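Remarks on the overall topology
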Amino acid sequence: MPRTSHRYALELTWTGDRGSGTADYRGYSRAHEVTAPGLPPLLGSADPTFRGEAGRWNPEQLLVAALSQCHLLAYLHVCAVAGVVVTGYVDRPEGVLTRTSGGGGHFTEVVLRPRVTVAAADQVDRARDLHSEANRQCFVANSVNFPVRHEPVILLP
């Protein structure tokens, strides 16, 4: 397969200046908007732990969401190709961020917990096994430097 590249352009605008910019650490909002043509704005902020607004998405949540979405899409693809009929999928992922000295930090893992409903009992084992293949195909999981684990539960209707 030939190598191809895809670009994902957007615009991020900080909207949190309260009149004095960043003159005081506590004096500005972490609010921002992420936009891309044809999409509604994504309202972002920092995690409330880091002086952010709880009613807005934070980058850490978005990273966990991106991993979960990517796995879902890769999983649906590999199931369709393998003849496994998925009729329901709900994930409750969780990421672990560890703070380091000096104010930094990094994710140490993300755990995906998909609850997948398949159409027939003879598809359960294959449906469970295909999570590994979906992980190998997930662009986002292949772009991070920490483990992305899976704890799938396969259900029947």
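To be clear, the structure that these remarks concern was listed above.
Bear in mind that the values here come from a model prediction, so they are computed numbers and not experimental data. (Residues numbered from 1 in each chain as written. Predicted model: local features only at pLDDT ≥ 70, side-chain atom pairs only at ≥ 80, totals over all residues. Heavy atoms only, no water.)

Structural notes on the overall build of the chain
The cut-off we apply is this: Numbering of helices and strands runs from the N terminus, with a helix taken as a DSSP run of H or I at least four residues long and a strand as a DSSP run of E at least two residues long. Each radius of gyration reported is based on C-alpha atoms, and the globular scaling rule is 2.2 Å times the count of residues to the power 0.38. Whether a residue is buried, partly exposed or exposed follows from its accessible area with a 1.4 Å probe, protein chains only, as a fraction of its type maximum: under 20%, in between, or over 50%, in that order. Only the protein chains shown count as cover for residues, and the accessible areas themselves come from Shrake-Rupley with a 1.4 Å probe.
For the chain, the count of helices and strands is 2 helices and 9 strands. Order of helices (α) and strands (β) in the chain, N terminus to C terminus: β-β-β-α-β-β-β-β-α-β-β. For 157 residues, the compact-globule estimate of 2.2 N^0.38 gives 15 Å, and the chain exceeds it by more than 25% at 19 Å. With the C-alpha coordinates aligned to their principal axes, the bounding extent of the chain is approximately 65 × 35 × 30 Å. Put simply, the chain has 157 residues, and 29% of those count as buried. With an accessible surface of roughly 10300 Å², the chain has 54% of that area assigned to carbon and sulfur atoms.

What about the packing of aromatic side chains?
For any pair of aromatic rings, geometry is given as the distance between the ring centres together with the angle between the planes. Put simply, the test is: Only centres within 6.5 Å qualify two rings of Phe, Tyr or Trp (six-membered ring in Trp) as a pair; their planes then separate them into stacked at under 30 degrees, edge-to-face at over 60, and tilted for everything else. Only when the NZ atom of a Lys or the CZ atom of an Arg is both within 6 Å of the ring centre and within 35 degrees of the ring normal do we say a charge sits over the ring.
Considering all chains together, one arrives at 4 aromatic pairs under this definition. Ring geometry for Trp14 versus Tyr28: centroids 6.2 Å apart, planes at 80°, classification edge-to-face. Note that Trp14 is positioned in strand β1 (residues 11–14) and Tyr28 in the loop between β1 and β2 (32–35), a separation of 14 residues in sequence. For the ring pair Tyr25 and Tyr28, a centre distance of 6.4 Å and an interplane angle of 90° mean the geometry is edge-to-face. Relative accessible area serves as the criterion here: at 18%, Tyr28 is assigned to the buried category. What links up through ring pairs into an aromatic cluster is the set Trp14, Tyr25 and Tyr28. Directly above the aromatic system of Tyr28 lies the positively charged group of Arg30, at a separation of 3.9 Å from the ring centroid.

Things to note about the state of the cysteines
Defined as follows: In what follows, a disulfide is any cysteine sulfur pair within 2.5 Å.
Applying the stated rule across the entire model yields 1 disulfide. Each sulfur in the disulfide pair Cys70 and Cys138 lies 2.4 Å from the other. Measuring handedness by torsion sign, the sulfur bridge of Cys70 and Cys138 sits at about 140° and is right-handed. Here Cys70 is found in helix α1 (residues 59–82), whereas its partner Cys138 is found in the loop between α2 (124–137) and β8 (148–150), with 68 residues between them in sequence. Residue classification places Cys70 among the buried residues on the basis of a relative accessible area of 13%. The thiol sulfur of Cys79 is not disulfide-bonded, and the nearest other cysteine sulfur, from Cys138, lies at 14 Å.

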